[in-house]
Amino acid sequence: MSARITTVVLLGWLLLVLVFIFAPIVAAVVFSFNSDRFPTIPLGSFTTHWYDTIFADAEIGEAARNSIIVSLSTSVIATMLGFATAYTDYRYSFRLKGPYLALILLPPTIPLIIMALAMLAWLSWIGASGQLWSIIIAHSVLTAPFAMAIIRLRLNQIDPNLEAAAWNLGSSEWRALRSVILPFCRPAIVSAACLTAAVSFDEFAVAWFVSGLNKTVPVIILEIVQGNIDPQVNAIGSLVFLTSITLVVLAQVFFISRIGRT
Amino acid sequence: MTDPLVILSGVVKRFGDFTAVHRLDLEIAAGEFIAIMGPSGCGKTTTLRMIAGLEAPSEGEVRIGGRLMNDVPVHERDTPMVWQSLALFPFLNARENVEFGLRMRRIDAAERRRRAAEWLGRLEIGEFAERNVDTLSGGQRQRVALARSLVTEPQILLLDEPLSALDAHLVIRMQGVLTRLQRELGITFVYVTHSQSEAFAMANRIVIMSEGRVVQVGQPREIYRTPENRFVAEFVGRNNILAGTSRGDAIETPLGVFPAAGLPAAGNRATLVVAADLVEIGRTPSEGAIPCSLISEEFVGATVTLFLEAKDGTELKVQLPERALGDLDPHAGGDFHLSWPADAGHILVES
Amino acid sequence: MNRFALAFRLPVIAWQGLFFLGPLFFMIAMSFFLVKNYRMEEAFELKNWARMLTRGYVWDSYWYTFGMAGLATLVATLVAFPAAYALAFRVSEATRRWAIFLLIIPFFTSYLVRTFSWYVILAESGAINAGLGTVGLGPYTMLNTPFGTVVGYLTLTLPLVVILQTVALANIDRNLVQAARNLGCPPERTLFAVIVPLAKAGLIIAALFCFILSFGDFVAPYYMGGSKPPTLPILIIDTTKSGQQWPRAAVVAVMMMLTLFSIAAASIWLAYRKRSSA
């Protein structure tokens, strides 16, 4: 049957596409344990040398500390912004709601390099550049839309009468929010925090522009890559992958998997 | 009968462990308007889809015009269908939707346009030809779907509950359109529906299906007045169904003994069916009449259905025109007395 | 409006106004500023614009960036489509959900490290050339070529394009496909007669995202493409980092934004265009 052949060809193509997408991730991990300075086929011997050198490097340690501070702070601010917008969109309709939503949803449609330049110029103008919190401010703007989208999807699933029922039973608006809406949204909030942290943890363009001397891990990678081929990048990269993938999987466990099913 | 156009013989359709259609045998004559009717899940749509080739039978044969169709792919069958959802192509306008089948047959553009215009005109929607189908009303969309299926001048048209999404008054209009078209074209219409009123209003012949099996085939009047089994008696019309025992020339039921024809030998089980519109109702007791009390009533337009209960708890229904209620006054309380002429009863003998 | 509602609205408006709109508008204003003695001065002069728009190298960069992003969009669309088609029509819903989850992962993992991996794999002494060498082929130069740039762009965009295309295709009403078959459409014609027209909006939006991401990316053209000529994002970096000419960089950024707005508007018009209702 020709239909069967088509199916096999299509699935084969799909497999190739997946290989293309995941090859660089797998390769970075494999190369990070490989003794060759310039990895190729056949592979050299197994080593943890590159990990030893990065753990001994004070600058990388400092960058890791910065990255953790930035991504945690970003995830808190971005999730709060995302929740406030999602809840406003869910509950209220008002004139200028379109522009209001655009204000939070548009940043990802603007190329990062442009955001980087704009952030750098503006933050220096108001005297807020070159600090760790400059990166946090910039990242919170860039990642808030992801939090908004995830929390908004969760609010779609709530029975709209639930909150009104709480008011009807005598709760204040704040009280109803705390006892009805927040518990209902908790998985989405955790998931949003994980994803915004993951995005912030990997972002390099804006961080590179506004960070000044406070480098994060991706900025260090960028600087190493600009120099020469250095397998340390693979070791750092593998650890970065591990962190990001853990965060995405956590987000999935908490929430994304539930969106697909009703 | 001349050679039938469609023959289904021993057709079985299984989906995994579930059998949707059990050993179906059905012949459909050329030029007939046949309705396949039954509750949802009875296999009527699956049967239609097997004729169209959208489902392959697990067993048995499908023949159209004498040709074995089992291995003929959908697009080579020329069995156009009018879908429940209409399935109009949203990216094409009304005319382009109608032209679709012609385009697939590689008919040149000028000829396509001419034939599409002819069919749009015939269905009185010529003025909407260039309109986006989203902007048309339900009735207009329905006509586009019909034109799209008929433009290739097929021998058979399959219709899968096409009127179920329309408002009541449009349904009546479209029934008129469909009956007229079928008569003028002289082609076969196979119409699947769960609606009695649609089936009885249009079809020459009705097939009743239940749980994947054909339970009765006949003309609308036969089905209505002489159901062959309990399922049809319950599904079609409003019938009083009383189980009992034959005494040869009468049937003994918990509500009394009623003379009836067509009974099995004395002592055998049988069922008496009396249509609700044949039951007579009065306020005064009479010989053989069944005393009942009223449970509830239903008004549909000028027709009233009274639901009553006999002393032993048996539920009975009476249907009568509203103006015949007279001084019956259902709300006054008290007993009613039910009876029916001896020839109103119809006997079911089930094996 | 009560305090409760304002408590959710105002902080967001203030934060995004200060840190999203503020930077963007300031950047536009900055494109008219002057630089004197390595210091930026507020002004409203067209000098930066006049200078940048009359330089050949800026236009070379512009058209090169535009062309490469367009090429990447074309390649990504064509490469992703069969994969998305397989996911939409040839696997179970559970498999599809799993595949989409897998495709989300790279979106949140370091693009920089993935590009570096490709750099090592595609190098003249890298894994691919070593593999080809064993069968007597190569070595081929893949880095510092347009091929390298496109591989880099695809690393960034392909997962997203596959996801968006899959969603577009999976949302097609299967009845419409069956209706086409029922009206005589043979299997080999369903793709262009019904499936592509039905998924058109989603396919265009996927391509649009691919173009936006590629057009604004500096990693692929710099590390994989060798920056010859530099693309607009590389121009922004060079002008900002080494030349201290922020206003000129702002000119390039505004040019990029205008281009992307036009492309986005055109794509959205194309995607959601309705026929005129006569």
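Treat the numbers as computed from the prediction; the structure is a model and nothing was measured.

A. Representation of the nonpolar core within the structure. Counting residues in each nonpolar core, the largest one holds 262 residues, and the members touching the most others are Leu117, Met119, Leu195 and Val206 of chain A together with Val190 of chain B. If one sorts the elements of this core by residue count, helix H9 (residues 187-215) of chain C sits on top with 17 residues. Contacts of Met119 of chain A, omitting those with residues within four sequence positions, involve Ala138, Val206, Phe209 and Val210 of chain A together with Pro23 of chain C.

B. Representation of the interface of chain A and chain C within the structure. Each side of the interface is counted separately: chain A has 61 residues, and chain C has 64 residues. Elements with a minimum of two residues in the side of chain A that touches chain C: helix H1 (2-32), helix H3 (58-91), helix H4 (97-105), helix H5 (112-125), helix H6 (132-156), helix H8 (173-202), helix H10 (217-227) and helix H11 (232-260) of chain A. Here the side of chain A that touches chain C gets 13 residues from one element, more than from any other, and that element is H1 of chain A. For the side of chain A that touches chain C, a count of residues per class yields 50 nonpolar, nine polar and two charged.

C. Geometry of the sheet that holds strand E6 (residues 81-82) of chain B. Residues and elements named next belong to chain B. Strand order in the open sheet made by the six strands is E6-E7-E8-E3-E9-E10, with mixed pairing throughout. Bordering the open sheet on either side are E6 and strand E10 (213-218), each of which pairs with just one other strand. The pairing of E6 with strand E7 (residues 156-160) spans two bridges and is parallel. Across the sheet, the residue bridging to Val82 is Leu159, located in E7.

D. Region of the structure containing the sheet that holds strand E13 (residues 256-259) of chain B. Residue and element names in this part refer to chain B. Pairing is antiparallel in the open sheet, where five strands are placed in the order E13-E12-E11-E14-E20. Every other strand in the sheet has two partners, leaving E13 and strand E20 (345-348) as the edge strands with one partner each. Along the sheet, successive strands turn relative to each other by an average axial angle of 40°, direction set aside.

E. How the structure looks around the confidence of the model for chain C. Residues and elements named next belong to chain C. On average, residues of chain C carry a pLDDT of 92, and 97% of them reach 70 or more. Element-level pLDDT for chain C is lowest in strand E2 (residues 39-41), with a mean of 83, against a maximum mean of 97 in helix H3 (residues 56-89). Across the interface, the model reports ipTM at 0.92; the global pTM reads 0.89.

F. View of the environment of Phe231 of chain B. Residue and element names in this part refer to chain B. Here Phe231 is to be found in helix H8 (residues 230-235). Using a count of 20 C-beta atoms within 10 Å as the deciding quantity, one classes Phe231 as buried. Taking C-alpha positions, Phe231 is 34 Å from Arg67, a pair spaced 164 residues apart along the chain. The contact partners of Phe231, leaving out residues within four places of it in the chain, are Ser210 and Val215.

What counts, and where the lines are drawn
- Residues numbered from 1 in each chain as written.
- Chains lettered and ligands numbered in written order.
- Predicted model: local features only at pLDDT ≥ 70, side-chain atom pairs only at ≥ 80, totals over all residues.
- Core = buried A, V, L, I, M, F, W, Y, C linked by C-beta atoms within 7 Å.
- Buried ≥ 20, exposed ≤ 12 C-beta atoms within 10 Å, placed from the backbone.
- Helix = DSSP H or I, 4+ residues; strand = E, 2+ residues; numbered from the N terminus.
- Contact = placed C-beta atoms within 7 Å.
- Nonpolar A, V, L, I, M, F, W, Y, C, P; charged D, E, K, R; others polar.
- Pairing = 2+ DSSP bridges.
- Axes fitted to C-alpha atoms, helices over the stretch in contact; angles between N-to-C directions.
- pLDDT = per-residue confidence, 0-100.

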